[in-house]
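Remarks on the overall topology
Given next are the chains, with one letter for each unit.
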Amino acid sequence: MGGNPSKPKKPMTAEKVLGIMEEYPQYVQQYYKQNEDEIEEYIVENFWEEDVARWLNKIRNRSPKENLQVRKIDFLKIRNTSTHHTSSYENKSLVIRRAADFTVDVIFGNRSFDPERDDISIIFSIGAQASQANKSKMTCFASDKPGKKEKWYCVLESVDSEAKKVTLKVHVPATAIIGSYKVSLDIVSGTKAGRVKSTHNDANIIVLFNPYSKDDVVYMENEDWRKEYVQEDNGFINTGTYTRGTTGKKKWDFAQFDQGVLDSVLLMIQKDSRVQAQPIKSLKKCNSPVFLSRVLAAMVNSNDDSGVLTGRWTGKYDDGHNPSDWSDSAKIISEWRDNDYKAVKYGQCWVFSGLLTTAMRAIGIPARSVTNFKSAHDTDMNQTVDIYLDSKTYEKIDHTSDSIWNFHVWNEAYFARPDLQGDYGGWQVVDATPQEESAILDPSGDNSKGLMQCGPAPVKAVKEGDINIGSDTGFVFSEVNADKVYWFVDKGGNVTRPPIVMTRAVGVYIGTKAVGKYQTENIISQYKYPEGSAEERKAFHKAYGMGTREHQGFETDYEIVPQAFEITIQELENAIVGQDITTKVSVKNVSGKKQQANIKIAEKSMKNVGKSYAALGEYTKDFELGSGKDMSFTFTLKKDDYIQHLVDDYSININVTVVSSLDGNTSIAELDATLGLPDCVTIKMPESFHWLDEVEVEAVIKNLLPMPLSKGSLTVEGRGIDISSNYAEVGKPLQPGESFTTKAKLKARYGWRRVYGEVIFRSAEVRLLKENYRTKVTT
């Protein structure tokens with residue numbers, strides 16, 4: 001796979017480390033507290049009993065101090081993460097959710113806590129310029145009574161004099177800022193010399209949104225929904241083309257709980273341009289899912305700021321990764337992090353969506369990936385997709401950048417919208433794919449600059465045509481409900497005849513993974529009323545009337561002229577790469593009179609964005625057809641005519657144009673078809689293994705295609721593991737029905753509780769076949 005190689009990091013010398021420890025001795029204690037298990041394991045393996053006895057003797061004989069001495073602060077990670085539904089996060093910090101309480105044990109060394117003599121307060125601070133004034137620094141005094149739930153507070157829950165321990169209960173309000181907080185403990189003790197204060201800087205905690213609490217704006221009542229849209233870290237994203245109720249599925253590991261992912265998502269927020277330009281004002285808004293979903297939409301792409309992923313739709317990816325190679329958010333995030341936050345190359349819409357699902361679920365916003373099949377890209381904001389044809393040749397003319405993508409994947413995030421008038425809470429469209437600039441809406445009020453970001457747009461507003469509600473709602477409306485208009489123009493750009501208007505060509509199916517099932521759910525009814533219904537036309541005309549631009553030089557009240565022919569293109573069912581592709585077309589004369597006409601069937605390979613990549617073949621024929629009669633036409637595309645010209649998702653566009661020789665009446669129909677790839681790769685490995693064990697993975701490629709696969713190779717890749725013997729070349733062409741097997745050995749790295757990866761097969765004929773694996777690691 002391509003991509004930028006990681007730069008080797010310069011090792012720090014022992015002298016420099018020792019110098020830092022001598023200058024900042026408190027760092028030694030802080031490092032120990034954050035890495036107790038590793039350090040204690042090192043001591044057990046490398047020191048003798050006599051060494052430990054000597055240390056104990058020194059500790060017993062040291063002079064006692066009057067002021068209360070803190071030995072340890074225990075954040076009770078197992079108990080708190082279980083209560084807060086955060087136990088899956090692989091993070092050294094305690095991860096909790098706001099709008100809830102968590103408990104902390106403070107263990108003292110020299111004596112027990114005396115409420116008549118000692119006072120405890122716990123301080124939480126976030127941001128580089130934390131202060132009480134901007135509500136980014138909170139001091140919670142341990143009290144015997146709870147405070148107001150709208151504020152941070154601390155309750156002294158219990159005192160265990162024998163164990164020299166107190167238990168504190170801390171309340172995090174539903175409006176708390178999302179992010180990593182520094183935690184410190186202040187102890188004030190009465191001594192002979194007076195009141196003595198000592199401060200203990202212990203660790204960080206991470207605060208997330210809380211979809212489990214009614215007090216949080218991201219609250220999601222349905223438990224099954226929470227499991228799917230918050231806790232599920234694996235699934236699929238719909239891609240390809242829609243055919244009779246079926247769509248393609250790309251397996252995806254969202255991996256929001258993996259090591260480094262949450263920390264990287266929080267870093268994305270910090271690197272956003274509006275956050276860096278206005279750190280204090282922006283920090284206050286980091287308690288809002290409206291603001292953070294928009295920030296993450298901008299940061300997932302690299303068009304602005306120091307974003308994660310660069311988009312490319314050219315079909316040429318030699319200097320990076322082919323977008324189809326990706327099936328794992330954590331792998332992209334780790335490459336961005338390990339390469340000094342340089343953008344990863346390359347991604348397309350489903351990759352951006354997979355990343356954004358990961359980022360939002362990681363910080364606690366319920367999220368899902370949503371795919372719109374036949375998705376409009378209305379660049380001139382007039383709620384129509386305008387296609388210009390030469391009035392003589394019927395070839396497309398580049399008079400506009402409007403297009404219809406085979407499919408487009410965006411995200412939905414779930415939260416209330418108290419910032420909007422009306423009931424627009426629930427699912428909100430957020431899109432990280434760089435398409436059109438959107439105003440920053442930054443805290444300073446300077447909205448002159450735009451960023452590649454989209455949303456959040458309420459799905460309800462999209463359905464009703466309320467395109468001025470929310471952010472970028474008009475753009476989303478056109479994606480699902482724009483009219484497709486064919487304009488016939490001469491060389492001077494003048495319209496020569498009435499246009500063809502198609503009201504059902506956009507947003508033909510909108511799918512997402514069903515809750516708790518490996519199936520696709522059709523959610524199109526959430527986005528628009530039934531096509532052609534009075535409600536759907538009302539919503540369209542409302543949105544059209546608020547469109548920001550007119551057609552370029554044409555009347556907006558266009559006349560709809562009936563087409564003389566009904567064209568039906570038969571779906572390419574079960575067509576797979578390597579077969580000859582036969583297209584069957586039926587044409588019916590509905591003009592009411594006998595017709596003489598010409599039919600042209602043109603087939604092209606397509607990029608996912610709806611642009612043609614290469615012409616594959618063409619069929620044309622003159623025919624005569626009586627009124628009410630129909631006629632069938634067949635065109636076969638040979639394997640050798642297309643096999644070297646397929647890109648992206650192996651999609652083919654079939655365009656049929658029928659022109660009357662009597663009056664020039666033109667009828668047009670199109671069909672996008674994705675050629676399938678069977679599941680050729682299988683994996684055998686244990687469901688779980690101990691982290692000290694080395695396990696064997698067996699990878700098998702079986703050629704289920706109707707053609708030989710030459711120059712084949714199998715690669716086993718993964719995260720959180722060290723792999724040996726992970727690459728094997730097949731050596732000879734793999735004939736249809738033949739199999740090739742290779743074995744690799746892997747060992748989990750310390751601290752990983754789950755490992756993920758894929759087995760990838762590459763060949764000259766089919767660029768990539770793969771299968772994902774995941775397994776648990778025990779300790």
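We now turn to the structure provided with this report. (Residues numbered from 1 in each chain as written. Predicted model: local features only at pLDDT ≥ 70, side-chain atom pairs only at ≥ 80, totals over all residues. Heavy atoms only, no water.)

**Digging into the overall build of the protein**
Looking only at helices and strands, the protein has 17 helices and 41 strands in total. Across its three principal directions, the C-alpha atoms of the protein cover 110 × 65 × 45 Å. Residues counted as buried form 52% of the 779 residues belonging to the protein. For the protein, restricting intrachain contacts to residue pairs at least 6 apart in sequence, the fraction spanning at least 24 positions comes to 69%. Carbon and sulfur atoms provide 48% of the accessible area of the protein, an area that totals close to 35600 Å². Side chains of the protein carry 99 positive and 107 negative charges; the gap between the two charge centres is 2 Å. (Helix = DSSP H or I, 4+ residues; strand = E, 2+ residues; numbered from the N terminus. Buried < 20%, exposed > 50% of the residue type's maximum accessible area, 1.4 Å probe, protein only. Contact = heavy atoms within 4.5 Å. Areas by Shrake-Rupley, 256 points an atom, 1.4 Å probe, with all protein chains shown as cover. Lys, Arg positive; Asp, Glu negative; His and termini not counted. Charge placed at Lys NZ, Arg CZ, Asp CG, Glu CD.)

**Notes on unusual backbone geometry**
Excluding glycine, most residues fall at negative phi; most peptide bonds, likewise, are trans. The step from K345 to Y346 runs through a cis peptide bond, and the omega angle for that step is 0 degrees. As for its position among the elements, Y346 is in strand 13 (residues 344-347). For the bond running from G455 to P456, omega is 5 degrees, close enough to zero to count as cis. Checked against the element boundaries, P456 lands in strand 21 (residues 454-458). Positive phi is not limited to glycine here, since K711 has a value of about 55 degrees. Relative to the helices and strands, K711 resides in the loop between strand 35 (694-702) and strand 36 (713-719). Of the residues examined, K711 reaches a relative accessible area of 73% and is grouped as exposed.

**Considering the nonpolar core**
Ranked by internal contacts, the top residues of the largest apolar core, which has 92 residues, are F102, F124, W152, Y181, I205 and I363. The element that contributes the greatest number of residues to this core is helix 12 (residues 349-362), accounting for nine residues. Those residues in contact with W152 that lie beyond four places of it in its chain are F124, M138, C140, V170, H171, V172, P173, A176, Y181 and V207. Core analysis: the second largest hydrophobic core is formed by 60 residues, I601, Y650, V697 and V777 among them. (Core = buried A, V, L, I, M, F, W, Y, C linked by side-chain atoms within 4.5 Å.)

**Quick look at the sheet that holds strand 30 (residues 630-637)**
Backbone-to-backbone hydrogen bonds pair the strands of a sheet. The strands run either parallel or antiparallel. Spatially, three strands are ordered 26-27-30 in an open sheet, and the strand pairing comes out antiparallel. The outermost strands of the open sheet, each flanked by one partner alone, are strand 26 (565-569) and strand 30. The average angle at which neighbouring strand axes cross in this sheet is 20 degrees, direction not considered. As paired elements, strand 27 (residues 581-589) and strand 30 share eight bridges and run antiparallel to each other. Looking at the pairing, V587 lines up with M631 of strand 30. (Pairing = 2+ DSSP bridges. Axes fitted to C-alpha atoms, helices over the stretch in contact; angles between N-to-C directions.)

**With respect to the packing of aromatic side chains**
For the structure shown, the criterion picks out 23 aromatic pairs. Measuring from ring centre to ring centre gives 6.2 Å for W225 and Y414, while their planes differ by 85 degrees; the resulting arrangement is edge-to-face. Within this pair, whereas W225 is found in helix 6 (residues 223-231), its partner Y414 is found in strand 17 (residues 403-415), the two being separated by 189 residues in sequence. What makes W225 partly exposed here is its relative accessible area of 29%. Aromatic ring contacts, followed pair by pair, group F102, F124, W152 and Y181 into a single cluster. (Phe/Tyr/Trp six-rings, centres within 6.5 Å; stacked < 30°, edge-to-face > 60°.)

**Overview of the side chain of S713**
Here S713 is to be found in strand 36. Residue class for S713 comes out buried when judged on its relative accessible area of 9%. What S713 contacts, discounting residues up to four positions off in sequence, is Y727, A728, E729, V730, I760, F761 and R762.

**Observations regarding the packing of helix 10 (residues 289-300) against helix 12**
Where helix 10 contacts helix 12, the axes come no closer than 10 Å and their chain directions differ by 140 degrees. In terms of orientation, helix 10 and helix 12 fall into the oblique class. The hand of the helix 10/helix 12 crossing is right-handed. Together, S293, L296, A297 and V300 of helix 10 and F352, L355, L356, A359 and M360 of helix 12 make up the contact between the two elements. Along the lines of polarity and charge, the residues of the contact of helix 10 with helix 12 split into eight nonpolar, one polar and no charged. (Parallel < 35°, antiparallel > 145°, perpendicular 65-115°, else oblique. Left-handed = near helix turned anticlockwise from the far one by under 90°. Nonpolar A, V, L, I, M, F, W, Y, C, P; charged D, E, K, R; others polar.)

**Re the environment of V106**
Checked against the element boundaries, V106 lands in strand 3 (residues 100-108). Spatially, the C-alpha atoms of V106 and K528 are 56 Å apart, while their sequence positions differ by 422 residues. Not counting the four nearest positions on each side in its chain, V106 is found in contact with V70, K72, K164, K165, V166, L168 and L185.

**Some words on the pairing of strand 40 (residues 754-762)**
The element strand 40 is largely enclosed, with a buried count of eight among its nine residues. Bridge analysis of strand 36 against strand 40 gives seven bridges, and the strand direction is antiparallel. When the bridges of strand 40 are listed, S713 appears paired with R762. Here strand 40 pairs with strand 41 (residues 769-778) via eight bridges, running antiparallel. From the neighbouring strand, E758 faces strand 41, where its bridge partner is N772.

**Some remarks on the state of the cysteines**
Tallying each qualifying case throughout the model produces zero disulfides. You can see C140 has no disulfide; the closest cysteine sulfur is in C154, sitting 6.4 Å from it. Overall, C140 belongs to the buried group, its relative accessible area being 2%. (Disulfide = S-S within 2.5 Å.)

**Brief notes about the sheet that holds strand 38 (residues 727-729)**
Strand order in this open sheet of five strands is 34-41-40-36-38, and the pairing throughout is mixed. Either end of the sheet is taken by a strand with one partner, and the two such strands are strand 34 (688-690) and strand 38. Pairs of neighbouring strands in the sheet enclose a mean axial angle of 25 degrees, with direction left out of account.

**Description of the packing of helix 11 (residues 329-338) against helix 12**
Where helix 11 meets helix 12, the axes come as close as 9 Å, and the angle between the chain directions of the two elements is 85 degrees. Taken together, helix 11 and helix 12 sit at an angle that is classed as roughly perpendicular. The residues of helix 12 that touch helix 11, namely those facing S329, I332 and I333, are V351, G354, L355 and T358. Each residue belonging to the contact of helix 11 with helix 12 can be placed in one class, and the counts come to four nonpolar, three polar and no charged.

**So, a negative patch on the surface**
Taken together, the side chains of D37, E38, E40, E41 and E45 present a region of like negative charge at the surface. Within the fold, D37 resides in helix 3 (residues 36-46). (Patch = residues over 30% accessible without salt bridge, like charges linked within 9 Å, V, L, I, M, F, W, Y side chains within 5 Å. Salt bridge = Lys/Arg side-chain N within 4 Å of Asp/Glu carboxyl O.)

**Some points on helix 11**
Taken together, the buried positions of helix 11 are occupied by S329, A330, I332, I333, E335 and W336. Capping of helix 11 at its N-terminal end is provided by D328; its side-chain oxygen lies 2.9 Å from the backbone amide nitrogen of A330. Positive backbone phi, at 55 degrees, marks D340, one or two positions downstream of helix 11. (Polar contact = N/O pair within 3.5 Å; in protein donor to acceptor, adjacent residues only side chain to side chain.)

**Re helix 14 (residues 473-481)**
Burial analysis of helix 14 places nine of its nine residues in the buried class, which makes it a mostly covered element. What helix 14 keeps buried is the set T473, G474, F475, V476, F477, S478, E479, V480 and N481.

**Regarding a positive patch on the surface**
A surface patch of like charges, here positive, comprises K135, K148, K151, K281 and K284. Relative to the helices and strands, K281 is located in helix 9 (residues 279-285).

Treat this as a map of the structure, not an account of what it does.
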